[in-house]
Amino acid sequence: MTLHAASKFAIGFVAILAASTAAHADSDALWNIVHNKCVVATKPCTVVNTAEHYALLKDLRGVAQHLLIPTDKITGIESPVLLDPKTPNFFNDAWKEQAAVDAKLPHPLPRDEVSLAVNAQNARSQNQLHIHIDCLSVESHKALLKVADQLGTTWQPLPVEIAGHHFKAEKVEGETLGNYNPFLELAKTLKDPSTEMRKQNLVVVGANFATGPGFIVLTDEAAPLHGGEDVQDHSCAIDPA
């Protein structure tokens, strides 16, 4: 969640946490919900997957947005845990949970309107990893549709600006992400992942290439307050009633 959305997030979760107004600044709010509530009794989460070590929580912001949150303590994209091949592929898990978003909308989303986003450390309010699963914005969708078939299977600058971001992009083919782990693939492009991962936004968008189904993976170094979540539209205008 981006910092400019932090106040809305905190207000929404005060009721769940039954906390004082100090909760508005609580960077551990998500961790406390998952660790102290969802793991114990599932609620307020909709899913707790013990095998893959994650929970799924409906965000109070937006009509359909869900958050995939590890049930282990993982602060964010900068965590070295994410570079351990034994760690679950949380992006793949998030893609498999898109039905939770569809259930809140008038129509199921086509794959190229579904987006998964992780914000850089300087563009988030919570210190527990969470992947935003939500509608792609109309503008982002139009921009990616124009260039999708120009992309290759190695990182290259995206030829269009999206939501104020100058992303690098990589094409991934297949119905699911499978063994492709966006965190590990991003780390391969960095000289020192231990210090540079924290600066990166990371986004995965479903795609329909001329060659078949797949994904567009996007990354950039975040400016303050500008998270990968910017490509999403939490009102889901792309799926009108």
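Data block above holds the structure.
Residues numbered from 1 in each chain as written. Predicted model: local features only at pLDDT ≥ 70, side-chain atom pairs only at ≥ 80, totals over all residues. Heavy atoms only, no water.

Participant: Quick question: what am I supposed to make of the pairing of strand E3 (residues 66-70) here?
Facilitator: Looking along a regular strand, one sees the side chains alternate between the two faces of the sheet. Among the 5 residues in E3, 5 count as buried, and that is most of the element. Because side chains alternate across E3, one face comprises the buried residues His-66, Leu-68 and Pro-70, and the other comprises Leu-67 and Ile-69, equally buried. The sheet contact formed by strand E2 (residues 54-58) and E3 spans 5 bridges and is antiparallel. Directly across from Lys-58, in E3, lies its bridge partner His-66. (Buried < 20%, exposed > 50% of the residue type's maximum accessible area, 1.4 Å probe, protein only. Helix = DSSP H or I, 4+ residues; strand = E, 2+ residues; numbered from the N terminus. Pairing = 2+ DSSP bridges.)

Participant: Looking at this structure, I do not really get the sheet that holds strand E6 (residues 156-157). What am I missing?
Facilitator: One key point about sheets: their strands pair by backbone hydrogen bonds, in either a parallel or an antiparallel sense. What the 9 strands build is an open sheet, ordered E1-E2-E3-E5-E4-E8-E9-E7-E6; its pairing is antiparallel. Edge positions in the sheet fall to strand E1 (47-49) and E6, since each has one partner strand and no second. Packing of helix H2 (residues 29-41) onto the sheet brings it into contact with E1, E2 and E3, and relative to E3 it is tilted by some 75 degrees. (Contact = heavy atoms within 4.5 Å. Axes fitted to C-alpha atoms, helices over the stretch in contact; angles between N-to-C directions.)

Participant: Mind showing me how you'd approach the state of the cysteines here?
Facilitator: What we call a disulfide is simply a covalent bond connecting the sulfur atoms of a pair of cysteines. The final tally for this structure, using the stated rule, is 2 disulfides. Residue pairing for Cys-38: its cysteine sulfur links by disulfide to Cys-45, the two sulfurs lying 2.0 Å apart. When the S-S torsion is 80 degrees, as for the bridge of Cys-38 with Cys-45, the disulfide is right-handed. Cysteine pairing for the protein chain, with bonded cysteines counted in sequence order: 1-2, 3-4. (Disulfide = S-S within 2.5 Å.)

Participant: How do you make sense of the environment of Phe-183 when you look at a structure like this?
Facilitator: Its location among the elements puts Phe-183 in helix H6 (residues 182-187). Look at Phe-183 and you get buried, because its relative accessible area is 1%. Those residues in contact with Phe-183 that lie beyond four places of it in its chain are Ile-77, Leu-82, Leu-83, Phe-91, Val-118, Leu-129, Met-197 and Leu-202.

Participant: Looking at this structure, how should I read the packing of aromatic side chains?
Facilitator: For the coordinates displayed, the defined rule picks out 2 aromatic pairs. With a centroid separation of 5.0 Å and an interplanar angle of 50 degrees, the aromatic rings of Phe-91 and Phe-183 are classed as tilted. Placement of the pair is Phe-91 in helix H3 (residues 90-96) and Phe-183 in helix H6, with a sequence separation of 92 residues. Judged on exposure class, the residue Phe-91 and its partner Phe-183 are both buried. Between Trp-95 and Phe-215, the ring centres sit 4.8 Å apart and the planes meet at 80 degrees, which makes this aromatic pair edge-to-face. Placement of Trp-95 in helix H3 and of Phe-215 in strand E9 (residues 212-221) is noted, with a sequence separation of 120 residues between them. Looking at Lys-171, its charged tip hangs above the ring of Phe-209, at a distance of 4.6 Å from the centre. (Phe/Tyr/Trp six-rings, centres within 6.5 Å; stacked < 30°, edge-to-face > 60°. Lys NZ or Arg CZ within 6 Å of the ring centre and 35° of its normal.)

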